[in-house]
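# Fold and geometry: a report
What follows is each chain in one-letter form.
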Amino acid sequence: MALYLKLAIRNVFRNRRRTVITVAAMGFGAAAIIVFGGFVNSIYLGVRESTIRSQVGHIQLYRKGFSEKGNLAPFDYLIRDYAALRAELAKLEHVKTVTARLGFSGLVSTGDTTTSFVGAGVDPEGEADLSALAVIIEGRDLASRDPRGIILGVGLARAFGVRLGDDLTLLTTTTGGSINALAVKVRGVWESGEKAYDDRFLKVALPEVQRVLDLEHGEVQSIVLLLDKTEHTALVRDRIDRLIRERGLDLEIKTWEDLALRYHQVRELFGRIFAVLTLIVSIMVVFGITNTMTMAIFERTREIGTVMALGTRRRGVVSMFVLEGIALGAVGGIVGVVLGVALAKIISAIGIQLPPPPGSTRGFVVQILVVPEVLAQAFRLSIITATLASLYPAWRAARLDVVEALRHV
Amino acid sequence: MIDRVVVKDVTKTYRLGTLTVTALAGVSLTVRTGEFLAVAGPSGSGKTTLLNLIGCLDTPTSGEIAIDGEPVSALSPGRRADLRASKLGFVFQTFNLIPVLTAYENVEYPLLIHRRGGNVATRVRAALEQVGLGDRATHRPPELSGGQQQRVAIARALVGEPALVLADEPTANLDSHTGHDIIELMRRLNREHGTTFVFSTHDPRIMQAADRVLEISDGRLL
């Protein structure tokens with residue numbers, strides 16, 4: 001085998017021009033995978049982090065049964081002892097922020113016009129950490145010292161034609177089933193980048209919402225945790241799980257992976273596009289290598305005849321050419337990795353601006369992450385396709401008739 | 001002493017479309033161990049076909065060939081390859097060295113595909129010394145003259161101490177002086193090691209070196 005490997009490697013560098021062209025084609029293919037893979041991963045990361053930091057947090061806690069039946073009777077599933085829990089959770093390692101939300105909905109009215117809204121009572125301080133991507137474009141964010149000040153999504157504010165400082169009335173149904181109203185003032189307008197959200201959503205300080213809903217024990221609907229790093233999610237979840245079991249708490253736990261629906265949709269979509277690209281590149285590489293190997297075999301027919309005459313068996317000839325394919329694949333893969341990393345760095349450094357993706361209102365700058373797994377995948381793909389592509393030419397070489405091959409000029 | 005090669009009533013026909021071409025029409029001969037045998041004849045006479053059959057590169061259409069008493073005509077391609085690796089050495093008209101390997105590595109090749117006793121490096125060095133190219137071990141074929149390449153090829157054929165060396169027109173691509181040297185070299189190795197040689201040629205001067213000359217014409221021995 002060492003003999004065949006030596007022959008394979010030397011033969012790869014024999015017809016330099018052809019090898020350079022083949023390797024360049026493979027290298028570009030692998031680089032395309034690395035660049036696109038890096039781009040896709042930066043989108044995954046971007047969507048993940050924006051979803052976590054602007055909406056769902058890393059971990060959410062609800063009263064047991066909420067995620068199943070909470071939609072129909074949200075007020076039947078409220079967490080009661082929030083203040084105590086909060087103190088407990090805040091002590092856990094890796095936990096950065098603990099905040100709570102209380103969802104409600106109803107009608108919002110200027111006096112002249114009325115429209116429906118979806119709202120959340122939030123802890124102004126904690127929520128600020130969870131609004132990393134929701135930019136206050138007018139006025140200011142919620143503040144505890146201004147309990148009546150609310151902030152509106154930009155779509156809702158525009159449709160309504162409200163200005164900062166305008167008085168609004170929120171009408172909602174209390175937990176007891178009666179209608180209650182809350183007088184508020186527009187303190188700010190924010191934009192999250194997600195249209196559906198911006199068109200309907202408003203945020204109010206938590207105590208005001210608890211009051212208008214007739215909740216007297218500081219109840220909340222969900223507790224949202226933000227961690228120092230997304231990678232610590234599982235660790236903290238397990239710890240909270242243990243806490244829930246040890247204390248017999250009536251809580252259920254969800255992580256961002258359960259809640260970030262869009263993240264999974266994005267992964268699914270780009271995953272498929274990536275698979276198609278990989279397939280196209282593989283096919284190109286297979287054709288390139290097959291062509292190179294077929295030409296090499298034609299040129300070396302007499303050499304093949306010679307080694308067979310010297311007693312090399314057919315499987316030896318197959319090994320020789322498959323190893324050559326693998327060697328070509330390895331060289332192409334290395335070139336591809338180097339090229340791909342270089343391109344990724346260059347493209348990221350240039351900073352190409354892209355238009356907003358579907359469902360979003362903000363464009364973004366292309367970032368290409370250098371992801372070790374993608375590099376490994378591109379390299380592996382080069383080797384695998386090159387190996388597969390050399391099988392048929394190698395088989396043909398091994399089927400050559402010795403006498404005819406020796407006569408070949 | 002047992003005959004090294006026995007060829008009995010061997011015919012070889014090829015099909016070219018609807019045409020059947022007879023390359024050998026009933027050839028019988030024996031090659032004695034240690035013999036230096038020339039097969040002479042014009043091109044197209046069938047001498048290459050005969051050497052290919054004796055060299056187990058091809059199988060006869062009919063008839064029987066035995067090497068060291070072992071019938072070889074019905075062996076599978078794999079078994080024939082093993083037989084070539086273990087018992088035969090080849091010298092070609094066009095030298096046929098592997099261009100990406102050095103002289104040393106070319107000579108080493110047969111020892112790597114068929115393991116033999118002893119130290120590989122010692123054997124290769126000795127073989128190169130025998131053909132007078134001990135100082136060219138690291139050269140690749142393109143850096144060697146035709147005569148030097150053919151010497152490397154002879155070293156490669158002999159390094160495994162084969163029972164039989166087949167040389168198809170070994171001097172045809174060399175000038176007459178170099179060709180003469182090559183035949184002298186083969187003759188010397190034949191005498192020193194007792195290696196059996198069968199070579200084809202149409203050069204009358206080279207035939208003179210042979211123990212025996214078999215003339216072949218139109219697929220028949222004369």
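Residues numbered from 1 in each chain as written. Chains lettered and ligands numbered in written order. Predicted model: local features only at pLDDT ≥ 70, side-chain atom pairs only at ≥ 80, totals over all residues.

### Points about the overall build of chain A
Helix and strand content of chain A: 15 helices and 12 strands. Seen through its principal axes, chain A has C-alpha atoms that stretch 100 × 50 × 30 Å. In chain A, which comprises 409 residues, the share counted as buried stands at 42%. (Helix = DSSP H or I, 4+ residues; strand = E, 2+ residues; numbered from the N terminus. Buried ≥ 20, exposed ≤ 12 C-beta atoms within 10 Å, placed from the backbone.)

### Considerations on the overall build of chain B
In terms of helices and strands, chain B carries seven helices and 10 strands. Relative to the globule expectation of 17 Å for 222 residues, the C-alpha radius of gyration of chain B, 17 Å, shows essentially globular dimensions. Dimensions of chain B, computed from the C-alpha atoms along their principal axes, are close to 50 × 40 × 35 Å. Taken across its 222 residues, chain B has 48% of its residues classed as buried. Look at the contacts in chain B between residues 6 or more apart in sequence, and 72% of them connect residues 24 or more apart. (Rg over C-alpha atoms; globule rule 2.2 N^0.38 Å. Contact = placed C-beta atoms within 7 Å.)

### Some words on the sheet that holds strand 8 (residues 196-201) of chain B
Residue and element names in this part refer to chain B. Taken in spatial order, the six strands line up as 6-7-8-3-9-10 in an open sheet, and their pairing is mixed. Lying at the two open borders of the sheet, with one neighbouring strand each, are strand 6 (88-91) and strand 10 (220-221). Bridge count for strand 6 against strand 7 (residues 164-168) is four bridges, and the pairing is parallel. The residue bridging Val91 from the neighbouring strand is Ala167, located in strand 7. Across the face of the sheet, helix 1 (residues 47-54) comes into contact with strand 3 (36-40), strand 7, strand 8 and strand 9 (212-217) while running at roughly 155° to strand 8. Contacting strand 6 and strand 7, helix 5 (residues 146-158) crosses the sheet at an angle of about 170° to strand 6. (Pairing = 2+ DSSP bridges. Axes fitted to C-alpha atoms, helices over the stretch in contact; angles between N-to-C directions.)

### Regarding helix 1 of chain B
Residue and element names in this part refer to chain B. Across the eight residues of helix 1, eight count as buried, placing the element largely inside the fold. Residues of helix 1 that are buried include every one of Lys47, Thr48, Thr49, Leu50, Leu51, Asn52, Leu53 and Ile54, and no others. Where helix 1 terminates, the next one or two residues include Cys56, which has phi positive at roughly 60°.

### A short note on the sheet that holds strand 2 (residues 19-32) of chain B
Residues and elements named next belong to chain B. Spatial ordering of the open sheet is given by 2-1-4-5, a layout of four strands whose pairing is antiparallel. For this open sheet the edge positions go to strand 2 and strand 5 (70-71), each flanked by a neighbour on one side alone. In terms of strand pairing, strand 1 (residues 3-16) meets strand 2 through 11 bridges, oriented antiparallel. Along strand 2, the bridge assignment pairs Leu16 with Leu19. Running at roughly 120° to strand 1, helix 1 makes contact with strand 1, strand 2 and strand 4 (62-67) of the sheet.

### Quick word on the confidence of the model for chain A
Taken residue by residue, chain A gives an average pLDDT of 90. The fraction at 70 or more is 99%. Taking the mean pLDDT of every element in chain A, the minimum, 82, falls on strand 12 (residues 364-365) of chain A and the maximum, 96, on helix 12 (residues 301-309) of chain A. (pLDDT = per-residue confidence, 0-100.)

### Looking at the packing of helix 1 (residues 2-12) of chain A against helix 13 (residues 314-350) of chain A
Residues and elements named next belong to chain A. Interhelical geometry of helix 1 versus helix 13 gives an angle of 50° and a closest axis separation of 8 Å. Here helix 13 runs oblique to helix 1, going by the angle between their axes. Where helix 1 crosses over helix 13, the handedness of that crossing is right-handed. Together, Tyr4, Leu5, Leu7, Ala8, Ile9, Asn11 and Val12 of helix 1 and Gly316, Ser319, Met320, Leu323, Glu324, Ala327, Leu328 and Val331 of helix 13 make up the contact between the two elements. Across the contact of helix 1 with helix 13, the residue classes tally to 11 nonpolar, three polar and one charged. (Parallel < 35°, antiparallel > 145°, perpendicular 65-115°, else oblique. Left-handed = near helix turned anticlockwise from the far one by under 90°. Nonpolar A, V, L, I, M, F, W, Y, C, P; charged D, E, K, R; others polar.)

### Considerations on the nonpolar core
Counting 124 residues, the largest nonpolar core has Ile34(A), Ala155(B) and Val198(B) as the members making the most contacts within it. Here this core takes 14 residues from helix 2 (residues 16-56) of chain A, the largest share from any one element. For Val198(B), the contacting residues outside a window of four places in its chain are Val31(B), Leu37(B), Val39(B), Leu51(B), Ile54(B), Leu164(B) and Leu166(B). Within the second largest apolar cluster, 52 residues are counted, among which are Leu78(A), Ile151(A), Leu156(A) and Val186(A). (Core = buried A, V, L, I, M, F, W, Y, C linked by C-beta atoms within 7 Å.)

### Some remarks on the domain arrangement of chain A
Here the domain parsing of chain A yields domain 1 (2-51 + 263-407) and domain 2 (65-249). Distance between the C-alpha centres of domain 1 of chain A and domain 2 of chain A: 51 Å. (Domains from an automatic or database assignment.)

### Thoughts on the packing of helix 5 of chain B against helix 6 (residues 176-193) of chain B
Residue and element names in this part refer to chain B. Following both chains from N to C, one finds helix 5 and helix 6 inclined at 20°, their axes separated by 10 Å at the closest point. Taken together, the axes of helix 5 and helix 6 lie roughly parallel to each other. Considering only the axes of helix 5 and helix 6, their crossing is right-handed. Residues Gly146, Gly147, Gln150, Arg151, Ile154 and Leu158 of helix 5 form the contact with helix 6, whose participating residues are Thr178, Asp181, Ile182, Leu185, Met186 and Leu189. In terms of residue class, the contact of helix 5 with helix 6 is built from six nonpolar, four polar and two charged.

### What about the interface of chain B and chain A?
With 17 residues of chain B at the contact, the number on the chain A side is 17 residues. Every element with two or more residues in the side of chain B that touches chain A is listed here: helix 2 (77-87) and helix 3 (103-113) of chain B. Top element by residues in the side of chain B that touches chain A is helix 2 of chain B. It accounts for five residues. Grouping the constituent residues of the side of chain B that touches chain A by class yields 10 nonpolar, four polar and three charged.

### Focus on the pairing of strand 7 of chain B
All names here are of chain B. Most of strand 7 sits out of view: five of its five residues are buried. The two faces of strand 7 match: Leu164, Leu166 and Asp168 on one face and Val165 and Ala167 on the other face are all buried. Both strand 7 and strand 8 contribute to a ladder of five bridges, which runs parallel. If you follow Leu166 over to strand 8, its bridge partner there is Val198. Chirality of the crossover, the property in question, places the unit of strand 7, helix 6 and strand 8 among those that are right-handed. (Right-handed = clockwise from strand over helix to strand, strands pointing away.)

### Thoughts on the confidence of the model for chain B
Scored by pLDDT, chain B has a mean of 92; 100% of the residues are at 70 or more. Predicted as a complex, the structure gets a pTM of 0.81 and an ipTM equal to 0.94.

### Observations regarding unusual backbone geometry
At His94(A), a residue that is not glycine, the phi angle is positive and equals roughly 75°. A positive phi angle, close to 55°, is found at Asn96(B), a residue other than glycine. If you trace the backbone, Asn96(B) turns up in the loop between strand 6 and helix 3.

### Quick look at the environment of Asp401(A)
Among the structural elements, Asp401(A) can be located in the loop between helix 14 (372-399) and helix 15 (402-407). Separated by 96 residues in sequence, Asp401(A) and Gly305(A) place their C-alpha atoms 7.5 Å apart.

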